[in-house]
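Examination of the molecular architecture
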Amino acid sequence: MSLLREKFSEVSRSLVPVVVMVILLSFTMVKVETNILLRFIVGSILLLVGLAIFLLGIDLAMTSIGDHMATELATSKTAYKVAVMSFLLGFLVTVAEPDLLILGNQVEAASGKTISAMMMVYMVSIGVGVMISLGTFRLLQSRSYPVFMAITYGVIFVLAILVSEEFLAITFDASGATTGALTTPFVLALTAGLSRIKGGKTAEENSFGMVGVMSAGPILAVMLMSILTGQEHIQGEAEAFMPATGILGPVLHELPKVFVESLVALLPLSALFFIMNFAKFKVPMRELGRIIKGLIYTLLGLALFLTGVYSGFMDMGQIIGRGIAEHYNWFLPILGFVMGTIVVLVEPAVHVLGQQIEDATGGRIPIKLIRITLSIGVGLAIAGSMLRIMIPEVKLWFFLLPGFATAILLSFFSDPVFVGIAYDAGGVASGPMTATFVLAFAQGAAAMTPGANVLVDGFGVIAMVAMTPVLSIIILGAVFQRRTLKAQREEPAMLEETVAPAPVGVGEAASYDCVLAVLNRGLSDEAIAIARDAGAGGATIIHGRGSGGHDMKFLSFEMLKEKEIVVWLIDDRISATIAANLYEKLDLGGEGGGKVFLVPALAMGLKAPGVVNGAITGPNEAPEADGEETNTPT
Amino acid sequence: MIPDALFFAVVDRGKAGDLLHWAREKGVTGGTIFAGEGTNPSPILNFLGISEVHKEVLMLAVTHEHSQQLFAAMKDEFRMDKRYKGIAFVVPFRQWLPDAKPAAEDNGRAKEPPFVCLITIVDKGKGELLMDVARKAGARGGTIVHAHGAGVPQDIYFPLLIEPQKDMVFIVDSRVHARPIQAAIYQEMELEEQNNGIVIALPVLRVIGLYEPRGARKRGRK
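Residues numbered from 1 in each chain as written. Chains lettered and ligands numbered in written order. Predicted model: local features only at pLDDT ≥ 70, side-chain atom pairs only at ≥ 80, totals over all residues. Heavy atoms only, no water.

1. Quick look at the overall build of chain A
Broken down by element type, chain A carries 22 helices and 6 strands. Going through the 634 residues of chain A one by one, you find that 62% of them count as buried. As displayed, chain A has an accessible area near 23400 Å², and 66% of this comes from carbon and sulfur atoms. (Helix = DSSP H or I, 4+ residues; strand = E, 2+ residues; numbered from the N terminus. Buried < 20%, exposed > 50% of the residue type's maximum accessible area, 1.4 Å probe, protein only. Areas by Shrake-Rupley, 256 points an atom, 1.4 Å probe, with all protein chains shown as cover.)

2. Side note on the overall build of chain B
Scanning chain B from N- to C-terminus turns up 5 helices and 12 strands. Of all intrachain contacts in chain B linking residues separated by at least 6 positions in sequence, the fraction that spans at least 24 positions is 74%. (Contact = heavy atoms within 4.5 Å.)

3. Focus on the side chain of E97(A)
Checked against the element boundaries, E97(A) lands in the loop between α3 (79-95) and α4 (98-110). When neighbours within four sequence positions are excluded, E97(A) is seen to be in contact with A177(A), T178(A), G180(A) and T183(A).

4. As for the pattern of salt bridges
Side chains that differ in sign of charge can pair as their charged atoms come close. Inspection of every chain in the model, using the stated rule, returns 17 salt bridges over all chains. R140(B) is the salt-bridge partner of D173(B), the closest N and O atoms lying 2.7 Å from each other. Within this pair, whereas D173(B) is found in strand β10 (residues 165-174), its partner R140(B) is found in the loop between α4 (127-136) and β7 (143-149), the two being separated by 33 residues in sequence. Residues joined by salt bridges that share partners form a network here, namely R286(A), R290(A), E128(B) and D132(B). (Salt bridge = Lys/Arg side-chain N within 4 Å of Asp/Glu carboxyl O.)

5. Here's the deal with the interface of chain A and chain B
The interface is formed by 84 residues belonging to chain A together with 78 residues belonging to chain B. In total, chain A and chain B occlude about 6800 Å² of area from one another, counting both sides; carbon and sulfur atoms represent 58% of this. Put simply, chain A and chain B have 6 salt bridges between them. Here R290(A) makes a salt bridge to E128(B), at a shortest N to O gap of 2.9 Å. At the junction of chain A and chain B, the tally comes to 10 residue pairs in polar contact (both at pLDDT 80 or more). Take the side of chain A that touches chain B: its biggest share by element is 9 residues, from strand β2 (residues 539-547) of chain A. Taken together, the residues of the side of chain A that touches chain B sort by class into 42 nonpolar, 20 polar and 22 charged. (Buried area = accessible area lost by both parts, 1.4 Å probe. Polar contact = N/O pair within 3.5 Å; in protein donor to acceptor, adjacent residues only side chain to side chain. Nonpolar A, V, L, I, M, F, W, Y, C, P; charged D, E, K, R; others polar.)

6. Side note on the confidence of the model for chain A
Residues and elements named next belong to chain A. Per-residue pLDDT for chain A has a mean of 81; in total, 86% of the residues score no lower than 70. Low confidence marks residues 492-509, where pLDDT is under 50. Its contacts with residues over four positions away, or in another chain, come to 26 contacts. Below a pLDDT of 50 lies the segment residues 604-634, which in the model reaches 65 contacts outside its immediate sequence neighbourhood of four places, other chains included. (pLDDT = per-residue confidence, 0-100.)

7. Some words on the packing of aromatic side chains
The relative placement of two aromatic rings is captured by the distance of their centres and the angle of their planes. All told, the structure shown has 16 aromatic pairs over all chains when counted by the stated rule. Pairwise contacts between aromatic rings join Y145(A), Y153(A), F172(A), F404(A) and Y423(A) into one cluster. Lying across the ring of F278(A), K282(A) places its NZ or CZ 5.8 Å from the centre. Sitting over the face of the ring of F71(B), R206(B) holds its NZ or CZ atom 4.3 Å from the ring centroid. (Phe/Tyr/Trp six-rings, centres within 6.5 Å; stacked < 30°, edge-to-face > 60°. Lys NZ or Arg CZ within 6 Å of the ring centre and 35° of its normal.)

8. Some thoughts on the packing of helix α1 (residues 3-28) of chain A against helix α12 (residues 285-327) of chain A
Residues and elements named next belong to chain A. Closest axis-to-axis distance for the α1/α12 pair is 11 Å, and the angle between their directions is 45°. The orientation of α1 relative to α12 falls into the category oblique. Here the hand of the crossing between α1 and α12 comes out left-handed. Packed against α1, whose contacting residues are L15, V18, V22 and L25, the element α12 presents F313, M316, I320 and I324 at the interface. Class assignment for the residues of the contact of α1 with α12 results in 8 nonpolar, no polar and no charged. (Axes fitted to C-alpha atoms, helices over the stretch in contact; angles between N-to-C directions. Parallel < 35°, antiparallel > 145°, perpendicular 65-115°, else oblique. Left-handed = near helix turned anticlockwise from the far one by under 90°.)

9. Let's talk about the packing of helix α8 (residues 183-198) of chain A against helix α14 (residues 348-360) of chain A
Packed helix pairs are characterised by how far apart their axes lie and by the angle those axes make with each other. Residues and elements named next belong to chain A. Contact pair α8 / α14: the axes reach a minimum separation of 9 Å and the direction vectors enclose 15°. Regarding the angle of α8 to α14, the classification is roughly parallel. The handedness of the crossing between α8 and α14 is right-handed. Along its contact with α8, which presents T184, P185, L188, A189 and A192, the element α14 presents A349, V352, L353 and Q356.

10. Focus: the confidence of the model for chain B
Looking at chain B as a whole, the pLDDT averages 77, with 81% of positions reaching at least 70. Taken together, the stretch residues 214-222 of chain B has pLDDT below 50 and engages in 15 contacts with residues farther than four places along the chain or on a different chain.

11. Re the nonpolar core
Counting residues in each nonpolar core, the largest one holds 169 residues, and the members touching the most others are M69(A) and F186(A). Setting aside anything within four residues of it in sequence, one finds M69(A) in contact with M85(A), L89(A), F186(A), L190(A), L272(A), F273(A), M276(A) and F281(A). In terms of nonpolar packing, the next biggest core, distinct from the first, is built from 36 residues, C514(A), F597(A), V599(A) and V57(B) among them. (Core = buried A, V, L, I, M, F, W, Y, C linked by side-chain atoms within 4.5 Å.)

12. Let's talk about the pairing of strand β4 (residues 87-92) of chain B
Side-chain positions along a regular strand alternate between the two faces of the sheet. All names here are of chain B. The buried fraction of β4 is high, at 6 of 6 residues. The alternating pattern of β4 places I87, F89 and V91 and A88, V90 and P92 on opposite faces, both of which are buried. Summarising the sheet, strand β1 (residues 5-12) and β4 pair through 6 bridges and their orientation is antiparallel. Among the inter-strand pairings, V10 is bridged to a residue of β4, identified as I87. The pairing of β4 with strand β12 (residues 206-208) spans 3 bridges and is antiparallel. Within the sheet, the bridge partner assigned to A88 lies in β12 and is I208. (Pairing = 2+ DSSP bridges.)

13. Concerning helix α2 (residues 34-74) of chain A
Residues and elements named next belong to chain A. For α2, spanning 41 residues, the distance from its first C-alpha to its last is 55 Å, which sits close to the expected 60 Å at 1.5 Å a residue. The sharpest bend along α2 comes to roughly 35°, located at I58. Along α2, 30 of the 41 residues are buried, which leaves the element largely enclosed by surrounding structure. (Expected span 1.5 Å × (residues − 1). Bend = angle between axes of the 7 residues up to and from the residue.)

14. Digging into a nonpolar patch on the surface
Residue and element names in this part refer to chain A. There is a patch of nonpolar side chains on the surface, built from F259, V260, L263, V264, L267, F274, I292, I296 and L300 and spanning about 730 Å² of accessible area. At the level of secondary structure, the elements contributing two or more residues to the nonpolar patch comprise α11 (248-281) and α12. The element best represented in the nonpolar patch is α11, accounting for 6 residues. Among the secondary structure elements, I296 is positioned in helix α12. The class for I296 is partly exposed, based on a relative accessible area of 48%. (Patch = residues over 30% accessible without salt bridge, like charges linked within 9 Å, V, L, I, M, F, W, Y side chains within 5 Å.)

15. What about unusual backbone geometry?
Positive phi, normally seen in glycine, also occurs at S142(A), with a value near 55°. Topologically, S142(A) is positioned in the loop between α5 (117-140) and α6 (145-162).

16. Examining α3(A)
Residue and element names in this part refer to chain A. Between its terminal C-alpha atoms α3 stretches 24 Å, which fits the 24 Å expected from 17 residues at 1.5 Å a residue. Considered for burial, the residues of α3 that qualify are V82, M85, S86, L89, G90, F91, L92, V93 and T94. Tucked into the core, α3 has its buried residues touching α2, α4, α5, α7 (165-178), α8 and α11.

17. Quick word on the environment of I565(A)
When you line up the elements, I565(A) lands in strand β5 (residues 561-571). Overall, the relative accessible area of 1% leaves I565(A) in the buried class. Each C-alpha atom of the pair I565(A) and V518(A) lies 4.6 Å from the other, and the pair is 47 residues apart in sequence. In this structure I565(A) touches L516(A), A517(A), T540(A), I541(A), I542(A), T32(B) and F34(B), once residues within four positions along its chain are discounted.

18. Notes on the side chain of E10(A)
All names here are of chain A. Relative to the elements of secondary structure, E10 occurs in helix α1. On the accessibility criterion, E10 (13% relative accessible area) is buried. At 2.6 Å, the side chain of E10 and the side chain of H351 are in polar contact. Once you skip the residues sitting within four places of it in the chain, E10 turns out to touch L55, H351 and R371.

Here you go:
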């Protein structure tokens, strides 16, 4: 399947339920004017096309850019440079985020001009920069991620006591605004790059978590601002709701504006990349071409996507919220749940995260499982927000405090990969779809519910969406961890096997064996060291997943084990010895332990030793050279 | 019976799991899946930057009977006899087992295999360039797999072992056609020089899914 078709089918699969839901509602419970419904359909088409192109662009450009930046970061010679550069990356991707400026303006109005919009934008960007910088150090110095997050949220809890509830909601909204459609994919790519370079046993878990770290930045920054300026209360009300009229008019009106916004958002990062490329990376033309194409796709896709969302979905959300709240009040939490569940899957960053999970874990963790858990989390968040709108006594922190506290506690007992994914999911879920469609729905509902404050309740929605997926995925990870431990306990004891003496070949021709070892993740470094001691040269490692012995079924999802395939090219006279060594020292005996294959490689026409490159034992070397490494017959 | 061949199948992303499942029902134990990328030679798609096709590679250790069954299934159930559905091939091997007899080890080298699988390992990013070179020399397609080398300690601030990223390219073709392809790769990619990469040829006993590219191939078939 071509890449573009793949993206289209992926996006349409997640978009169809949303469209079906809206159309069903508009024929049954809610009265929707025809032109708004038509505009919604136009918006959906724009969203489909835009998101597919956008995701393609992210695939082509962001991964490369993230990789190069990560290499530059990780191979820095001084701590100072790492700190400055990672700060700069975090600052630059955030400062241009259009959502943040919109939020800044809202806060400026709400705070009666004590906090200016620009100050807010800069403070939040600095917050993100500092957090990314700390997160980078954490990753590269291999410090515990759950502990890092526990400390971060500990600080947030302490500060939260000093901040009024209204501001608490804004702080989380700021974090939702920064984890926008562009920043999240970039930060994900950067993290993936860092973990790829760092490698080792923790590469998988290190590929996640930075979005979670980053979203703490704005929360801290806005809380500090509130405390420092002494600003406690939000003034004013949200603007009166006025749906735009016409079908194509609003779309065409929105498009150029959104295009410029997207361009501005994309500019700082691209500029930094091209400057660095000119000065340092010198990316080959082909890759550079791909990055440029990718950036263009990203820009076009983002503009179309956001236009579709703004013009088609925002008014629709308000109308549904108002309609349901007016006539079917009791239905709000249920609809909220359904809406949260299906709308979050249209979030661009959810797709990007899914891709990253597939890449980083070699497809071991079924993305579907993560998506479902994420969906349920967000569904509960919206349902909870609806309850909060309907019953004013229910406070935001009733949900946030126990939610985050449980998540932090469980994160110590959860599979580490899931912890990173979970904290990322919080940022990923609060993207543009939630911030427009779902938020508009909540605001609509609040406007029609007596006693609810549109502004305050609206802000709270994002905070809820930022919390529940973290909790739900960490719970999943904890359950998963228990299963894994149980499966390991039940594993039969390894049979004692005596290793036969290695048959050392006595062939005369300099021919080679391609040795393939399929190992459990994390063993490859050891394997390469063992083989090197026994006379092998360099090796290449592929990440994959495999079934080996005990398979795990998890809620009907098949969980394969993560594997590494190590490939060597070894003189065929010592290859068997090396295989024996690997077999014995890595304990490849039992079920699902691992396998070593020897495939004869042909030296085709080319001068045989020249085919090989590097430190392979030459044909002149006596095969007995590594005799002490081989096993003595018992 | 001890497996004596490695069965490789390159299929669309997401389908390898089904295939593995299917194989396991037939009694094949253990399989490994890794991600790869196919390339599409269309210049239009290439200009648009969407020539990449996501693929998955499934690797199974099989006995002779299983390999026969799998090939039949490839044809009937996975339609690999049709164009663009993927490719599957078997490479003979001897699995290292403590009690394995070293006798039948030359099952591939002794006779001339009908096909070969060229595996080239180059630095990351050069995989597509390599495919261009291979195509010019007559290759019909290839799969790029992202891999990395062993960690190398470097003089940087963090005590990290930097893992050099690599592209591994798998190209399957008949033995006769593979020769010029291998030579072209060796020359154009400058593999003669140290650390530029290596090219390995593995014997392939049987293959399904190998097709002429659209627009006839220039070289006559033998």
